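Fold and contact review
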Amino acid sequence: MAFFEGSKMTAGYGDGPDIISSCTINVDKGEIVAILGPNGAGKSTLLSALTGELNLLSGQVYLDDMPVRDYRSSVLAERLDVLEQNDLLDFPFLVREVVSMGRIPHSSSVDETARIVSEVNAQLGLSPLAERTYTTLSGGEKRRVQIARVLCQIWDRLIDGCLLLDEPTGPLDLAHEIAVLELLHSLTRDGLSVLIVMHDINLAARCADRVGLLHDRIITSGLPEEIIKANALEAAFGTAVDVDMDSGSPQIRLHSERF
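Scope of this entry: the structure provided in the associated data block. All values derive from a computational prediction rather than experimental measurement.

Here is what the cut-offs are and how they apply
Residues numbered from 1 in each chain as written. Predicted model: local features only at pLDDT ≥ 70, side-chain atom pairs only at ≥ 80, totals over all residues. Heavy atoms only, no water. Buried < 20%, exposed > 50% of the residue type's maximum accessible area, 1.4 Å probe, protein only. Helix = DSSP H or I, 4+ residues; strand = E, 2+ residues; numbered from the N terminus. Contact = heavy atoms within 4.5 Å. Pairing = 2+ DSSP bridges. Axes fitted to C-alpha atoms, helices over the stretch in contact; angles between N-to-C directions. Phe/Tyr/Trp six-rings, centres within 6.5 Å; stacked < 30°, edge-to-face > 60°. Lys NZ or Arg CZ within 6 Å of the ring centre and 35° of its normal.

Before going further, it helps to examine helix 1 (residues 43-51). Here helix 1 lies mainly inside the structure; seven of its nine residues are buried. Taken together, the buried positions of helix 1 are Lys43, Thr45, Leu46, Leu47, Ser48, Ala49 and Leu50.

Attention now moves to the side chain of Gln153. Topologically, Gln153 is positioned in helix 5 (residues 139-154). Judged by its relative accessible area of 8%, Gln153 falls in the buried class. When sequence neighbours within four positions are dropped, the list of residues in contact with Gln153 reads Ala77, Glu78, Leu80, Asp81, Gly102, Arg103, Pro105 and His106.

The next thing to look at is the sheet that holds strand 9 (residues 210-215). Ordered by their spatial adjacency, six strands build an open sheet running 6-7-8-3-9-10, and the pairing between neighbours is mixed. Each of the sheet's edge strands pairs with one partner strand only, and the pair in question is strand 6 (80-83) and strand 10 (218-222). Strand-to-strand twist across the sheet, computed as the mean angle between neighbouring axes with direction ignored, equals 15 degrees. Two strands pair when backbone bridges link them, and strand 3 (residues 32-36) and strand 8 (residues 193-197) are joined in this way by four bridges, in the parallel orientation. Considered in strand 8, the bridge of Val33 is made with Leu195. Helix 5 contacts strand 6 and strand 7 (162-166) of the sheet and is inclined by roughly 170 degrees relative to strand 6.

Okay, the pairing of strand 4 (residues 58-63) next. Where strand 1 (residues 4-12) meets strand 4, five bridges bridge the pair, whose relative direction is antiparallel. Paired with Ser7 across the strands is Gln60, a residue of strand 4. Pairing analysis gives two bridges linking strand 4 to strand 5 (residues 66-67), with the strands arranged antiparallel. Within strand 5, the position partnered with Leu63 by the bridge is Met66.

All right, on to the sheet that holds strand 4 then. Strand order in this open sheet of four strands is 2-1-4-5, and the pairing throughout is antiparallel. A single partner strand is all that each edge strand has here, and the edge strands are strand 2 (18-27) and strand 5. In terms of strand pairing, strand 1 meets strand 2 through six bridges, oriented antiparallel. Its bridge partner being in strand 2, Phe4 is matched across the sheet by Val27.

Take the packing of aromatic side chains next. Think of a pair of aromatic rings as described by two things: how far the centres are apart, and how the planes are tilted against each other in angle. Within this structure, the stated rule accounts for one aromatic pair. With a centroid separation of 6.3 Å and 55 degrees between ring planes, the pair formed by Phe91 and Phe93 is classed as tilted. What makes Phe91 exposed here is its relative accessible area of 53%. A residue is classified by how much of its surface remains accessible, and Phe93, at 30% relative accessible area, is partly exposed. Lys29 extends its terminal NZ or CZ atom over the ring of Phe3, reaching a point 4.2 Å from the ring centre.

Following this line, the structure appears as structure tokens:
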């Protein structure tokens, strides 16, 4: 069994139809897995099911061969954290205070928390913003702060930690997007496992060890060159594409008469 795995998961909301059906996705230790799929395919639902926020109708989620539901919440929070798509924080905390919220599950001393916050902020280029009020930041700056917060939560458990990230780089400019993905890649060498929802297929093909394509309630996963194929993408997204392998990883080109 993989280090982190959702096995044969079926989930939905209320009396509506299932959003995901018998889906299995896994992340090995020190691996980045990217989840791709059209809007409304259920990518965020998949993450909610994996974290236990959404109850499964069937299936099971495991961390280190143990069902996630069997962990004490305090122990699980030290090893598993999720960055949701939407940021609802609207209070005038300082940036360093927001980042330090990641240490709430831990019994760290004040000095230890300050050290970890400083280290994480430095990794994400947030040190100059540490004393800024969070609500005055741009959307991209806020997103980097939230990424720092979830990293802060598992910073001293990188060797057996796992992050679930829902479109973490969406609001970021190109330089910061690349910097965040490079940081995540470097942290996997320490053992960190990452499951990341992405929309940029070309970038996912370059940064992820494996990808999963979610379409019609099911997910198909494998190496980028196995999953990112013209027929599969056209079926999922409803638009024709070409897939080139000239760069060593699959890269898509859209068919368009307009551009």
